[in-house]
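Chain residues, written in single-letter form:
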Amino acid sequence: MRCFQFFRNLAVLISQNFTPLKKIRTALISVFYKTGIDTIVDLLKQNGVQIYSTGGTYDFIKPLDPTVKTVESLTGYPSILGGRVKTLHPKVFGGILGRTQLESDQKEMQEYDIPAFDLVIVDLYPFEETVASTDDASKIIEKIDIGGISLIRAGAKNFNDVLIVPSQKYYGELIQLLKTQQGETSIDDRRRFATYAFGVSSHYDSAIMNWFAKDDENKALRICEEEGTALRYGENPHQKGTFYGDLEAMFEKLHGKELSYNNLLDLDAGLNLIREFDEPTFAILKHNNPCGIACRKTVKEAYNDALAGDPVSAFGGVLVCNRPIDLAAAEDINKLFIEVIVAPGYEDGVLDLLFSKKNRVVLRLKADQYRPQMVKTALNGYLVQDRDLHTETADDFKVITTKAPTAVEVEDMVFANKIVKHSRSNAIVLAKGKQLYASGIGQTSRVDALRQAIEKARSFNFDLNGAVLASDAFFPFKDCVELAHEAGITAIVQPGGSVRDQESIDCCNENGISMVFTGFRHFRH
């Protein structure tokens, strides 16, 4: 009895862990990008697989495998309508969707002489690349794949019998599978590739929908990223975090540990800020806010003056520069503990110096990319808004006081206004000589933000006489002007729009302060 029980349990265990393999006998290949297909064809040929193919793919495969057959030889119909219709035929889709375990399916396939496809390889027309390269709607529409996407969905639906490879991205995994399993696939393999397939299909359709609905303000929200990168954790160690996107398209990681959730937020904030400046500029970010930034003739000067803005907060910060880092600047940077530095390049000898700290992340900016819209979760849904891309220039400044600002003050106000735009509201920025002296950020009242900024500037021994003030929103009362005057500030830039604007204007006039309105608020929450 015990022996019987043992063998019964062993049989159950074997049935649970043994996955039968299915031999690939017939394959259909229809791809846009051919790189890697030669290796796949060679492996299929070694395993005696009959290949069917279409158009340009057939022409590519024929010299590699003379036994390849055209889809037209199967369907009896040529490619028509300028190539729009090639594979849309019952003999093709019947061969993909036919179920080997269903007797009625097998009977019909025999009756209509439909071969069963065990492997389908597709690479879709490059719709997104076409959208990125042209505004010609006719060219874009012709890159909407119909047959290919149908093949992908059909193969994925019938994963019990078919291995579907939906993109050149998965050629490598298929090659490895063919090598290690000698042309056989398991149900786990097929299910895994079916998951890839529906991911590709979903992403492709979302891109098409978003293009058609680009001018529709009430369009449905479709966000689809094919790859997620698991982070060490989220904002805090007890939270999981994942980044969806292509960091390698933006950065070349040269050194250091993996980027964290918070690093990525600081990098995003820093690049959005540094994008505002054309002259050599260095910024130091902490918790998504600039704690130091300066424009100077050299990178070394810009770094040191940015650091002077708040050397305490700079510890453990993220550094962003819009010029290559030279050795003179790197020698000073290397003295500070920082999490991340990103720049468009590094001159000779710099990397050896920066690599001296094992965990310091050193990035080279390859492409300055950003999404035109911003998305946040809120309540049980999502908030979507256009990115704030408006930056005021001196021409946008409307002088509303008796005293007009000097040319130097205007230059500093343009500088300060760019910074306050990228600081958490309520925000006040104090600057002088294109250097951030101090900022008051994330306060529940504007006057508290100003008090914070003044106190901070004085703690680092900055002389505020002749400094300028930038505010991300209007002054609700004149108390900010009074505080600014007491501190020695001589010029103010703010959006205006308060019902009490005149009180602030009068206070400026009484105290010899120049003030300009921009007409644009820059809340950032």
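Quick caveat: nothing in here was measured; it's all calculated off a predicted structure.

A word on helix 20 (residues 501–511)
Part 1 of the argument: For helix 20, the complete set of buried residues consists of Asp 501, Ser 504, Ile 505, Cys 507 and Cys 508. The buried side chains of helix 20 occupy one side of the element, clustering within an arc of 160° when seen end-on.
Part 2 of the argument: On its buried side, helix 20 packs onto helix 19 (479–487), strand 22 (491–494) and strand 23 (514–517).
Part 3 of the argument: Downstream of helix 20 by a residue or two, Gly 512 has a phi angle that is positive, lying close to 70°.

Considering the environment of Arg 458
Part 1 of the argument: Along the chain, Arg 458 turns up in helix 18 (residues 446–459).
Part 2 of the argument: For the pair Arg 458 and Ala 438, spaced 20 residues apart in sequence, the C-alpha to C-alpha distance is 8.8 Å.
Part 3 of the argument: In contact with Arg 458, other than residues within four places in its own chain, are Glu 486 and Ala 487.

Describing the pairing of strand 17 (residues 381–386)
Part 1 of the argument: With zero of six residues buried, strand 17 lies mostly on the surface of the structure.
Part 2 of the argument: Pairing analysis gives six bridges linking strand 16 (residues 373–378) to strand 17, with the strands arranged antiparallel. Bridging across to strand 17, Met 374 finds its partner in Gln 385.
Part 3 of the argument: What sits between strand 16 and strand 17 in their antiparallel hairpin is a turn of two residues, with Leu 379 showing a positive phi close to 50°.

Considerations on the environment of Ala 154
Part 1 of the argument: Relative to the assigned elements, Ala 154 resides in helix 9 (residues 147–157).
Part 2 of the argument: A relative accessible area of 6% means that Ala 154 is categorised as buried.
Part 3 of the argument: Placed 206 residues apart in sequence, Ala 154 and Arg 360 show a C-alpha to C-alpha distance of 48 Å.
Part 4 of the argument: If we skip the residues at most four places from it in the chain, Ala 154 touches Phe 93, Ile 96 and Leu 97.

Some details on the packing of helix 5 (residues 90–97) against helix 9
Part 1 of the argument: It is at 8 Å that the axes of helix 5 and helix 9 come closest, and there the two elements cross at 30°. When the interaxial angle is binned, helix 5 and helix 9 end up roughly parallel. Residues Val 92, Phe 93, Ile 96 and Leu 97 of helix 5 lie in contact with helix 9, whose contacting residues are Gly 147, Ser 150, Leu 151, Ala 154, Gly 155 and Lys 157.
Part 2 of the argument: The class makeup of the residues in the contact of helix 5 with helix 9 is six nonpolar, three polar and one charged.

Digging into the sheet that holds strand 19 (residues 428–431)
Part 1 of the argument: Here six strands make up an open sheet; going across it, the order is 18-23-22-21-19-20 and the pairing mixed. Whereas interior strands pair on both sides, the edge strands pair on one side only; in this sheet they are strand 18 (398–399) and strand 20 (436–440).
Part 2 of the argument: Bridging between strand 21 (residues 468–471) and strand 22 involves three bridges; their strand directions are parallel. Counterpart to Ala 470 in the pairing with strand 22 is Val 493.
Part 3 of the argument: This element, helix 17 (residues 407–421), spans strand 19, strand 20, strand 21, strand 22 and strand 23 of the sheet and lies at about 35° to strand 21.

With respect to the confidence of the model for the protein
Part 1 of the argument: Per-residue pLDDT for the protein averages 90, and the proportion of residues at 70 or more is 96%.
Part 2 of the argument: Predicted confidence for residues 11–17 stays below pLDDT 50, and this span has zero contacts to residues more than four positions away or in other chains.

What about the environment of Ala 394?
Part 1 of the argument: Structurally, Ala 394 is set in the loop between strand 17 and strand 18.
Part 2 of the argument: The exposure class assigned to Ala 394 is partly exposed, which follows from its relative accessible area of 38%.
Part 3 of the argument: Considered as a pair, Ala 394 and Cys 224 are 170 residues apart in the sequence and their alpha carbons are 40 Å apart.
Part 4 of the argument: Every residue in contact with Ala 394, bar those within four places of it in the chain, is listed here: Val 410 and Val 414.

Regarding the sheet that holds strand 2 (residues 26–31)
Part 1 of the argument: The parallel open sheet is built from five strands, whose spatial order is 4-3-2-5-6. Among the strands making up the open sheet, the edge pair consists of strand 4 (69–70) and strand 6 (163–165).
Part 2 of the argument: When strand 2 meets strand 5 (residues 119–123), the two strands line up parallel, connected through five bridges. Bridge assignment links Ile 29 to a residue of strand 5, and that residue is Ile 121.
Part 3 of the argument: Packing against the sheet, helix 10 (residues 171–181) makes contact with strand 2, strand 5 and strand 6, and its axis sits at approximately 155° to strand 5.

A short note on the packing of helix 2 (residues 37–46) against helix 10
Part 1 of the argument: The contact between helix 2 and helix 10 brings their axes to 10 Å, and the two run at 20°. Classified by the angle their axes make, helix 2 and helix 10 are roughly parallel. Here helix 2 and helix 10 pass one another in a crossing that is left-handed. Contacts between helix 2 and helix 10 involve Ile 37, Thr 39, Ile 40, Leu 43 and Leu 44 from the first element and Tyr 171, Leu 174, Ile 175, Leu 178 and Lys 179 from the second.
Part 2 of the argument: Residues that form the contact of helix 2 with helix 10 fall into these classes: eight nonpolar, one polar and one charged.

Quick word on a nonpolar patch on the surface
Part 1 of the argument: A cluster of nonpolar side chains, Leu 221, Ile 223, Val 375, Tyr 382 and Val 384, forms an exposed patch at the surface whose accessible area comes to about 470 Å².
Part 2 of the argument: Position of Ile 223 relative to the elements: it lies in the loop between helix 11 (187–212) and strand 8 (228–230).

Section: the pattern of salt bridges
Part 1 of the argument: Using the criterion set out here, one finds 19 salt bridges in the structure.
Part 2 of the argument: Note that Arg 99 is salt-bridged to Asp 105, the shortest N-O span being 2.6 Å.
Part 3 of the argument: Where Lys 335 meets Asp 332, a salt bridge forms, and the shortest distance between an N and an O atom there is 3.4 Å.
Part 4 of the argument: For Lys 335, a relative accessible area of 70% corresponds to the exposed category.

Quick look at unusual backbone geometry
Part 1 of the argument: Residues Ser 425 and Asn 426 are joined by a peptide bond in cis, for which omega reads -15°.
Part 2 of the argument: Residue placement: Asn 426 occurs in the loop between helix 17 and strand 19.
Part 3 of the argument: Positive phi values are uncommon outside glycine, yet Lys 434 reaches one of about 55°.
Part 4 of the argument: Inspection of the secondary structure assignment puts Lys 434 in the loop between strand 19 and strand 20.
Part 5 of the argument: One non-glycine residue with positive phi stands out, namely Asn 461, at about 60°.
Part 6 of the argument: Mapped onto the elements, Asn 461 comes out in the loop between helix 18 and strand 21.

A short note on the pairing of strand 13 (residues 317–321)
Part 1 of the argument: Within strand 13, five of the five residues are buried, leaving the element largely enclosed by the surrounding structure.
Part 2 of the argument: Burial along strand 13 is two-sided: Gly 317, Leu 319 and Cys 321 facing one way and Val 318 and Val 320 facing the other are all buried.
Part 3 of the argument: Direction of pairing for strand 11 (residues 281–286) relative to strand 13: antiparallel, over a ladder of four bridges. In the strand pairing of strand 13, Ile 284 is matched with Leu 319.
Part 4 of the argument: Inspection of the sheet shows strand 13 paired to strand 14 (residues 338–343) by four bridges, in the parallel sense. Counted as the bridge partner of Val 318 is Val 340 from strand 14.
Part 5 of the argument: With helix 15 (residues 327–333) bridging strand 13 and its parallel neighbour strand 14, the resulting β-α-β unit is right-handed.

Parameters at a glance
Residues numbered from 1 in each chain as written. Predicted model: local features only at pLDDT ≥ 70, side-chain atom pairs only at ≥ 80, totals over all residues. Heavy atoms only, no water. Buried < 20%, exposed > 50% of the residue type's maximum accessible area, 1.4 Å probe, protein only. Helix = DSSP H or I, 4+ residues; strand = E, 2+ residues; numbered from the N terminus. Arc of directions from axis to C-beta. Contact = heavy atoms within 4.5 Å. Pairing = 2+ DSSP bridges. Axes fitted to C-alpha atoms, helices over the stretch in contact; angles between N-to-C directions. Parallel < 35°, antiparallel > 145°, perpendicular 65-115°, else oblique. Nonpolar A, V, L, I, M, F, W, Y, C, P; charged D, E, K, R; others polar. pLDDT = per-residue confidence, 0-100. Left-handed = near helix turned anticlockwise from the far one by under 90°. Patch = residues over 30% accessible without salt bridge, like charges linked within 9 Å, V, L, I, M, F, W, Y side chains within 5 Å. Areas by Shrake-Rupley, 256 points an atom, 1.4 Å probe, with all protein chains shown as cover. Salt bridge = Lys/Arg side-chain N within 4 Å of Asp/Glu carboxyl O. Right-handed = clockwise from strand over helix to strand, strands pointing away.

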